Structure formats: structure tokens, C-alpha cells
Amino acid sequence: MCGIAGWLDWERDLTRERAAVARMADTLARRGPDDSGVWTAPRIGLGHRRLAVTDPVGGAQPMTAHGEDDGRPLAVVSFSGEIHNHRELRAELRARGHRFRTSSDTEVLLAAHREWGAEAITRFAGMFAYALWDIERQTLHLGRDPLGVKPLYYAEHDTGVVFGSEPKALFASGLVRPEVDAEGLTDVFTVAAKRPGDAVYRTLREVRPGHLLRVDRGGTASYRYWRLVSAPHPDDPDTTVAAVRSLLDRIVAEQTRADVPLGALLSGGIDSSVITALGAKALAAEGLGPLATYSVDFAGAEDDFTADALHVSRDAPYVRAVVDHVGTKHQEVLVEPTALLAESGLALRARDHPGVGDLDVSLHLLFREVRKHLTVALSGEGADDAFGGYPWFAGEAEQPSDGFPWSAGVRDRNAVLSPALRPHLDLHERLEHRYREALEEVPRLDGEQGIDRRMREVYHLQHTRFLPFLLDRKDRMSMVHGLEVRVPYCDHRLIEYVWNVPWRLKSLGGREKGLLRAAVQDALPIEVVHRPKSGFPVGQSPEYLRSVREAVSDMIADPHAPAMELLDAGTLRAMVRDQDWVNGSFTPPPILPRALQLNDWLSAYDVRVVL
């Protein structure tokens, strides 16, 4: 999985800046605890922190491709992630005359680039980000997977560009500093409305999902190599169900390949249970197994759990049903409620900006425990986005809104903003503008009207705004522990097929994710197949809620708390008093834990607010 970092400069000799490049890479040590490497040339330095998953012995990076006749260096790459179809690509490249000295997917990437040039990225199926320096052409290629599962940031400076897997790597270069403007604060105060390419910080950008950034002496240019294409769906229901199952079987089988311990995250919902069942089947076919599975719950949840809009039932009974049915080796991770606040700082530093409070921390705590046993874990993330599992999908089909569906019920977004900030930041106005921008990106189908037209919009909003938020959270909370989490539902081949399936088939049988349920019903216990959507567990213990209220009260009273220049004290006091910040819905996530992270972030990162 790994962490990558680098510095391109057209005027400075970077062979003299090896220590600076190493410093950038070392900020990512948690992403790659197994090894490190630096490669420099006059114009560029590449750094790497390695999490050894494929070919632990031979896959060291940065990796260089040499000419087979004269041995001269042709290209060098620092790569993060996995190319899941690398075995198939290796066979094709061998047939074209390429020779390999390792079994790593990184070497396949280099050979593919030699064979097909920059267009090689269109042949990769996986989750990846890479920086490839073409030595002959003196050109840097920054590539990112179609769905943006793996992150890649960059910042242009006067004479070049710096880049890396996380903002902290760029800050370590000394060429950029943490600054945030009104657009960045919009990202901080809202959820799942960030525009593709934005990076919260004013001077940073992200390589957009499905894009390749090319940097040469002529400047920087971004090329889109993958997009969703709208077309009529030709298949009948039975054929559609069979196609989805076939794709899932193939993708999960590819993603169970690893040279290190692998398992699955299991919640007892349909999404993770499918991955568990198909993953166990794939391992058995290779003579391996049983599959190790892990679930999370809060200590005392038997007494504290209260059903709400997104948490309709406890996971534990359904987890046990899947474990017994599939025959996995299972372990439950119990989170102590007090840890949710105590560990908030580490979750913040994993993200490099405020996240979603205890929703981040509980995931971080789960991944920390899983990493004690595994290096790679399969996850069900993305199924709700592809197949329409969240409540707002059905809501939009019945009564379309005119905004981001997951936040349609939010009333006064600006109430939490300080009087000094409100003249500079109207969250309603900015989100309305971003929503209109997002609609302009939807690939329309000629003649499509009514529910089908609106649902195509909803799915596109989901793929380009909400899913990136989830993937970013997953990446940061897992990689801070050096755990690679794979997401089969985010394979672009599955997304491409399901994209054009009309809503009536996605909701087959009148059920959310009806198509997915029909495709996998033979693999799971019947009660799991029919279990309604229930979200990731959240902190509901009185002890945790009390600790948050006390911490926020202390922050309000602190005359030096930087967040109070941005937050409205009266609104926070009312939330502390009335507890209406615990709203039982997804958006907005509880604001008080996020306010505490905002305060920590402004101080710890010495963030300059530019308005």
C-alpha cells in the first residue's frame, strides 16, 4: 500500500536535497512501516515508505526500469496501492517480450509504461496512486485510480511541484504551509460536498480520481483517462443479476491475492457479508483458509444502543450468523467509549484536517486492533454507493430534492459559525453553488426523464462527492496503522456495469440494494440477505457524551482557543445543554466532537486562516 512523496524542481539540483526528500517520505512512516527508499536526479527526488504486501523481498521502491540491451535507466516510480490484475498484465507483457525479475505489481506498472506509455494507466484494475519519472522525456506522471481509493496531493511552486500521499508530506518540504480560506472552511464545516481536486488547504490540490497529471518544462496538465459513460441498459433482470454475481466473484478472487496475512471486516450487513462469503470461497479454491474476520462494537452497547434512522439493529447477532454459515475465524473488537475522545487527536493527525469525530475514531480503533493480526483486510465500503443502500436513495425516488440528498434535511448550516466568520462564509450559498457544479458533470442519457433522470444524478453525486469522503476516511484511519484495506465494490469494472442499471432493477423486489441481494442470496443466511441497512456503530454511552460536553464547555471558556474565532459560543452552549447535537442521522454528524478536532487542528498545524 505504502506512502509516496517527491519534489520536482527545474532550477534546483535535487541530488543535494536527498535529506529533504527523505524527510518528506518519513512523515508517511505509518503508511509504510516495512521499508524506505529515496531516489534522486538533478531535477527530481522520489521518496517511498513501503508496506510490503506483494513480493516482500523483491518489491523495494523507488523502483527503476532499465533498458534490456544497454542497462541504462529509463523510468523510476514510487507507487502506492495495488494493481489487482497485475498477473494478467504480466502474462500479456511477457508475450510482448518483457522480462521480469520480481513478482511485484510495481514492476508490472513500469513495464506497462514502457510498452504503452502514459496510456498504460487505462489497463490497470485496482486502487493506486503513483509518481513515475520518465527519464528520457524528463516528464513526471502523477496517476490515480478511477474511483480515487488511494490519495495523491500536489502543490505547484515557482520552479516545480511537490507531491505526496498526505498533506503532511508536502508541508515537510518547507515549500508550502498550512493555510485555509473560505472554500477550505466549507469543506471543514460540511460533509461530502468537497469538489474533486480540492484539498481543504488553500495551496494544495488532489490529483482527481480517474486522472493523470503530467508535468514537464512546458507546465502542468491534467488528463482524464476514465469516466462513467451513460448508455441504455440492455440486460433483463436475470442477466443483470448473473452479471453482477460474476463480476463480484472475479473481483473478490483477485483481491484475495496477497503474500501477507489477509482477512475481512464483517459487520453482519449484506455488504461486508458478501465480501466475506466470496472471499472465503476464493481462499478455499486456492487451498487456503479459513478466512479471518473482524467486527467492532462498543463496550456496554447491549444497554446503550438506541435505534435511529441509520442504526436499525445491533450487528452482533448477524455477525454470528455469517461466521457460523461461512466458517470464518472471527474476533470481535470492543471499543471502550472513553477512547473515542482520548484518541481523537491521532485520528486528526491521520487525516491532516478535521474529520467526523467519533465516526473516525471508532474506525481507527478497529483498524489498530485488526493490524495486530492482518496486513490486508477486505471491506464492504462502496456497496451502498453503487447499489443504492442509503435511505436517501429511496427518498429521492419518491420525492426528489434539489440538493445533495444526504443533507436535504439540514436547516441552518450557518448557526455554528461565529459572527466574525459569517460575513465571509455562507455555507448555504456555497453548497448551492457546489451542487449546481456537480449537476453539470452528470453524463446524461438522451431522452431520460423522471425518476431515472433524477436517480442518475443521485448516483453521480454519490460517486463523486459522498464516496470520496468515505474512501478518504477509510484510507487515513487504516493506513495510520499500516493496514491495507481493499474495497471490491469500488472496482471500476463493477461500477461501470451497475452505473447504467436503472433504478427499478437496482431496487429489485422493492428493496434497497435489491439487485445485490438477489445476486448473492445463495451465499448467505436468509436473515442476513434480508437485513435492512444499518450504519457503522457510533458512540452512544452516557459517559462518552458527558466527556464531550465537558470538553466543549472547557473550550468555550478558554480565551486562547483558536476555534472560538470561527465558532458561535451561544450555539455550542445550547448544544451542550440540550444535547440536540446527538441527532441520530448521518448529516450533519455530531458537531461537538468535530468542533474539538477543529480547535486541535488550528493549534497543532498552526493553520493560517485567509479570508
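The notes below deal with the structure included here. All figures in this text were calculated on a predicted structure; none of them were measured in a lab. (Residues numbered from 1 in each chain as written. Predicted model: local features only at pLDDT ≥ 70, side-chain atom pairs only at ≥ 80, totals over all residues. Heavy atoms only, no water.)

**Considerations on the overall build of the protein**
Turning to step 1, where the next piece is worked out: What the protein contains, in helices and strands, is 23 helices and 19 strands.
Turning to step 2, where the next piece is worked out: A compact globule built from 611 residues would reach a C-alpha radius of gyration of about 25 Å, and the protein, at 24 Å, matches this within 12%.
Turning to step 3, where the next piece is worked out: Along the first, second and third principal axes, the C-alpha set of the protein runs to 75 × 60 × 50 Å.
Turning to step 4, where the next piece is worked out: Of all 611 residues assigned to the protein, the portion counted as buried reaches 63%.
Turning to step 5, where the next piece is worked out: In the protein, 73% of the contacts between residues at least 6 apart in sequence involve partners at least 24 apart.
Turning to step 6, where the next piece is worked out: A total accessible area of about 23200 Å² is found for the protein, and carbon and sulfur atoms account for 48% of it.
Turning to step 7, where the next piece is worked out: If the 73 positive side-chain charges of the protein are averaged to one point and the 88 negative ones to another, these points end up 3 Å apart. (Helix = DSSP H or I, 4+ residues; strand = E, 2+ residues; numbered from the N terminus. Rg over C-alpha atoms; globule rule 2.2 N^0.38 Å. Buried < 20%, exposed > 50% of the residue type's maximum accessible area, 1.4 Å probe, protein only. Contact = heavy atoms within 4.5 Å. Areas by Shrake-Rupley, 256 points an atom, 1.4 Å probe, with all protein chains shown as cover. Lys, Arg positive; Asp, Glu negative; His and termini not counted. Charge placed at Lys NZ, Arg CZ, Asp CG, Glu CD.)

**Here's the deal with the pairing of strand S14 (residues 262-265)**
Turning to step 1, where the next piece is worked out: Inspection of the sheet shows S14 paired to strand S17 (residues 376-378) by 3 bridges, in the parallel sense. Bridge pairing in S17 places Ala 264 opposite Leu 378.
Turning to step 2, where the next piece is worked out: Looking at chain direction, S14 and strand S15 (residues 292-298) are connected through 3 bridges and run parallel. Across the sheet, the residue bridging to Gly 263 is Ala 292, located in S15. (Pairing = 2+ DSSP bridges.)

**Brief notes about the environment of Arg 23**
Turning to step 1, where the next piece is worked out: Mapped onto the elements, Arg 23 comes out in helix H1 (residues 18-26).
Turning to step 2, where the next piece is worked out: The class of Arg 23 is partly exposed, set by a relative accessible area of 44%.
Turning to step 3, where the next piece is worked out: Arg 23 sits 60 residues away from Ile 83 along the chain, and the two C-alpha atoms are 27 Å apart.

**Some details on empty space enclosed by the protein**
Turning to step 1, where the next piece is worked out: Inspection of the entire model under this criterion finds 7 cavities of 30 Å³ or more.
Turning to step 2, where the next piece is worked out: Here the second largest cavity defines a volume of roughly 90 Å³.
Turning to step 3, where the next piece is worked out: Looking at the second largest cavity, it is lined by 14 residues, and the ones nearest its centre are Arg 50, Thr 54, Gln 61, Asp 105 and Thr 106.
Turning to step 4, where the next piece is worked out: Secondary-structure elements contributing two or more residues to the lining of the second largest cavity are strand S5 (73-83) and helix H3 (105-116).
Turning to step 5, where the next piece is worked out: Looking at the lining of the second largest cavity, its residues break down into 5 nonpolar, 6 polar and 3 charged. (1 Å grid on protein atoms, 1.4 Å probe; cavity = no way out; pocket = protein on both sides within 12 Å on 5 of 7 lines; lining within 4 Å. Points joined across faces, edges and corners; volume = space filled by probe spheres on them. Nonpolar A, V, L, I, M, F, W, Y, C, P; charged D, E, K, R; others polar.)

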